[in-house]
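Close look at the chain arrangement
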Amino acid sequence: MLRITNASIAYGKELLFSDFSMQLHRGEMVCISGKSGKGKTSLLNAIMGFVPLSQGEIIVNGSILNKANIDSIRRNIAWIPQELALPSEWVKDMVRIPFNLKANKQHSFPQKELFHTFTELGLEEELYYKRVVEISGGQRQRIMLAIACLLAKPLILVDEPTSALDFGSMDRVLTFFHKTAQKGSAILVVSHDEHFAAGCNRIIYL
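Bear in mind that the values here come from a model prediction, so they are computed numbers and not experimental data. Starting from 1, residues in each chain are numbered consecutively following that chain's sequence as written. Totals for whole chains, interfaces and linings use all residues, but because this is a predicted model, local features are given only for residues with pLDDT of at least 70 and pairs of side-chain atoms are given and counted only at 80 or more. Each side-chain value is derived from all of the structure's non-hydrogen atoms; neither hydrogens nor water enter the calculation.

1. Considerations on the pattern of salt bridges
Criterion for a salt bridge: a side-chain nitrogen of Lys or Arg within 4 Å of a carboxyl oxygen of Asp or Glu. Using the criterion set out here, one finds 4 salt bridges in the structure. We note a salt bridge from R202 to E28, for which the minimum N-O separation is 2.8 Å. Highlighted residues: R202 in strand β9 (residues 202-205) and E28 in the loop between β2 (14-24) and β3 (29-33), separated in sequence by 174 residues. Exposure categories follow from relative accessible area, calculated using a 1.4 Å probe and restricted to protein chains: below 20% of the type maximum is buried, above 50% is exposed, and the middle band is partly exposed. Overall, the relative accessible area of 14% leaves E28 in the buried class. Between D93 and K92 there is a salt bridge whose closest N-O contact spans 4.0 Å. A run of H or I in DSSP counts as a helix once it spans at least four residues, and a run of E counts as a strand once it spans at least two, with each numbered from the N terminus.

What follows is the structure, given as structure tokens:
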């Protein structure tokens, strides 16, 4: 689903990493770990086409990432950055935003499936009817993880999905991701958390 070959990213004269290669297959969850400032988040941004590679190439679902096909490649990806600010007052409006995007118009909003996913992730159904400011950061993280997986994209990119979670919630997220991968998605996660990383199929250190 994803192949990265001899990739390098630099900002001016600052080289974050070089000659990085990896493969990610459907049904697999891989964690990229390592010290801060090594370019893990930049790598996810490069896969989305937001950050250019200094050298190397990225192939998503058989297509080489370039300016000509970036829109079609993004339609294959669900992306959850670490800091996610959605312009909604109510949770019920926030969760619908991804389904209103042009790339996701083929997906109708699955409220019944969303509530089932809430249960899997240890979330109360009543959160759906609350204001965004009334829910915790950890609840917001899990809600957006649920939405990303319900979009049924073949590639899911997630940056630090457990930064606001306790161990119990983290284990639920791991189980949920594995179930999602078993349905055919490939999941690439950036995480500093050793417990979470150990629960993935593979760990790649950057």
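2. Digging into the side chain of K153
Tracing the backbone through its elements, the reader meets K153 in the loop between α6 (137-150) and β7 (155-159). In this count, Lys and Arg are taken as positive residues and Asp and Glu as negative ones, while His and the chain termini are left out. Buried charge without a salt bridge: K153, with D71 as the nearest opposite-charge side chain at an N-O distance of 12 Å. In contact with K153, other than residues within four places in its own chain, are R75, N76, I77, A78, A103, N104, Q106 and S185. Between two residues, a contact is recorded if the distance between any of their heavy atoms is within 4.5 Å.

3. What about the layout of surface pockets?
In this structure, the largest pocket spans a volume of roughly 530 Å³. Lining the largest pocket are 23 residues, and of these M48, I77, W79, L101 and N104 sit closest to its centre. At the level of secondary structure, the elements contributing two or more residues to the lining of the largest pocket comprise α2 (70-74), β6 (77-80), α4 (97-100) and α6. The element that contributes the greatest number of residues to the lining of the largest pocket is β6, accounting for 4 residues. Along the lines of polarity and charge, the residues of the lining of the largest pocket split into 17 nonpolar, 1 polar and 5 charged. In this analysis the probe radius is 1.4 Å and the grid spacing 1 Å, with only protein atoms considered; a cavity is a set of points the probe fits into but cannot get out of, a pocket is an open set with protein on both sides within 12 Å along at least five of seven lines, and lining residues have an atom within 4 Å of a point. Grid points are joined across faces, edges and corners, and a volume is the space filled by probe spheres set on the points. Lys, Arg, Asp and Glu make up the charged group, whereas Ala, Val, Leu, Ile, Met, Phe, Trp, Tyr, Cys and Pro make up the nonpolar group; the residues left over, Gly among them, are polar.

4. A word on the pairing of strand β1 (residues 2-11)
Paired strands are those between which DSSP finds at least two bridges. One ladder, built from 7 bridges, connects β1 with β2; its direction is antiparallel. If you follow Y11 over to β2, its bridge partner there is E14. Inspection of the sheet shows β1 paired to strand β4 (residues 55-60) by 5 bridges, in the antiparallel sense. Bridge pairing links L2 to V60 in β4.

5. What to know about the nonpolar core
Among the nonpolar cores identified, the biggest contains 41 residues, and V95, L114, F118, I143, F177 and F196 are the most heavily contacted of them. The leading source of residues in this core is α6, at 8 residues. Put simply, buried Ala, Val, Leu, Ile, Met, Phe, Trp, Tyr and Cys residues joined by side-chain atoms within 4.5 Å make one nonpolar core. Among the nonpolar cores identified, the runner-up in size contains 30 residues, and M48, V60, L155 and V190 belong to it.

6. Observations regarding the packing of aromatic side chains
Centres within 6.5 Å make a pair out of two Phe, Tyr or Trp rings, where for Trp the six-membered ring is used; the pair is then stacked when the planes are under 30 degrees apart, edge-to-face when over 60, and tilted otherwise. Taken as a whole, this structure holds 7 aromatic pairs when the rule is applied. Summarising the aromatic geometry, the rings of F17 and F20 are spaced 5.8 Å apart at their centres and angled 65 degrees between planes, so their arrangement reads as edge-to-face. With a relative accessible area of 7%, F20 lands in the buried category. Note on F99 and F109: the rings are 5.4 Å apart at their centroids and 85 degrees apart in plane angle, and the pair reads as edge-to-face. Here F109 lies in the loop between α4 and α5 (111-120) and F99 lies in helix α4, a separation of 10 residues in the sequence. By the burial criterion, F99 is buried, and F109 matches it. In textbook terms, an aromatic cluster arises when at least three aromatic residues are bridged by ring pairs, as seen for F115, F118, Y128 and Y129.

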